[in-house]
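# Structural characterization, general
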Amino acid sequence: MVIDKTAPYGGINISMEAIASVAGEAAATCYGVVGLTSKNSLRENINELLKKDDYVRGVYCTKKKDHYEIDVYVIVAYGVKITEVMSEIQKKVAYDLRRTFSLAFPRVNVYVQGIKEID
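Note that this is a predicted model, so its numbers are computed, not measured.

It is worth spelling out the environment of I19 at this point. Along the polypeptide, I19 turns up in helix 1 (residues 16–28). Put simply, I19 and F101 are 82 residues apart on the chain and 8.5 Å apart in space, counted from C-alpha to C-alpha. The contact partners of I19, leaving out residues within four places of it in the chain, are I3, I14, C61, I70, L97, F101 and F105.

In this section: the pairing of strand 1 (residues 2–7). Sheet topology note: the strand 1/strand 2 (residues 10–15) ladder contains six bridges and is antiparallel. Each residue of the ladder has a partner; that of K5, found in strand 2, is I12. Connecting strand 1 to the antiparallel partner strand 2 that follows it, the hairpin turn spans two residues.

Glancing now at the nonpolar core. Among the nonpolar cores identified, the biggest contains 32 residues, and I19, I70, I89, V93 and F105 are the most heavily contacted of them. For this core, the elements supplying multiple residues, two or more each, are helix 1, strand 3 (33–36), strand 4 (59–63), strand 5 (68–77), helix 3 (82–101) and strand 6 (107–116). Other than its neighbours up to four places away in sequence, F105 contacts I3, I19, C61, Y68, I70, A94 and L97.

Side chains of residues three or four places apart in an α-helix project in the same direction, reflecting 3.6 residues per turn. A rise of 1.5 Å per residue sets the reference length of helix 1, with its 13 residues, at 18 Å; its end C-alpha atoms lie 18 Å apart and thus fit the reference within 8%. What helix 1 keeps buried is the set M16, I19, A20, A23, G24, A26 and A27. All buried residues of helix 1 lie within an arc of 160 degrees about the axis, which places them on one face of the element. Turning to helix 1, the residues buried within the fold contact strand 1, strand 2, strand 3, strand 4, strand 5 and helix 3.

For the protein chain, mean pLDDT is 85; residues scoring 70 or higher make up 91% of the total. When mean pLDDT is taken per element in the protein chain, helix 3 scores highest with 94 and helix 2 (residues 41–44) scores lowest with 57.

Another aspect to go through is the pattern of salt bridges. In total, this model carries four salt bridges according to the counting rule given. Ionic pairing is found between D96 and R99, a salt bridge with its closest N-O pair at 3.9 Å. Placement of both D96 and R99 in helix 3 is noted, with a separation of three residues, approximately one turn of the helix. Judged by its relative accessible area of 8%, D96 is buried. The exposure class of R99 is exposed, given its relative accessible area of 53%. Overlapping salt bridges, with partners in common, bring together K92, D96 and R99 in one network.

About the thresholds
Residues numbered from 1 in each chain as written. Predicted model: local features only at pLDDT ≥ 70, side-chain atom pairs only at ≥ 80, totals over all residues. Heavy atoms only, no water. Helix = DSSP H or I, 4+ residues; strand = E, 2+ residues; numbered from the N terminus. Contact = heavy atoms within 4.5 Å. Pairing = 2+ DSSP bridges. Core = buried A, V, L, I, M, F, W, Y, C linked by side-chain atoms within 4.5 Å. Buried < 20%, exposed > 50% of the residue type's maximum accessible area, 1.4 Å probe, protein only. Expected span 1.5 Å × (residues − 1). Arc of directions from axis to C-beta. pLDDT = per-residue confidence, 0-100. Salt bridge = Lys/Arg side-chain N within 4 Å of Asp/Glu carboxyl O.

Next comes the structure, spelled out in structure tokens:
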């Protein structure tokens, strides 16, 4: 899926990989986030942390009627307040996507797939 945007100098096509890369980097840098994981990791009972190149497997973008929604799947650190971490992820991802692509992403859904103790 590609997002088409019209600019004064022509059309721009934004790929889902670009959106996933920016959103994944924003989520991974938030306090309390150990890393991103894939959507199916909970079902498969494997909490594999994704590398920077694989953020496409941990961030999903879907088109609704008049807006886009981002789903981010993360593993958080043990001992942090999960609601605060989720709130920060939502704010940072929405801000970075708006700043990078000049598109509003009013809905950023964060799914905690696991909790990991940091050594």
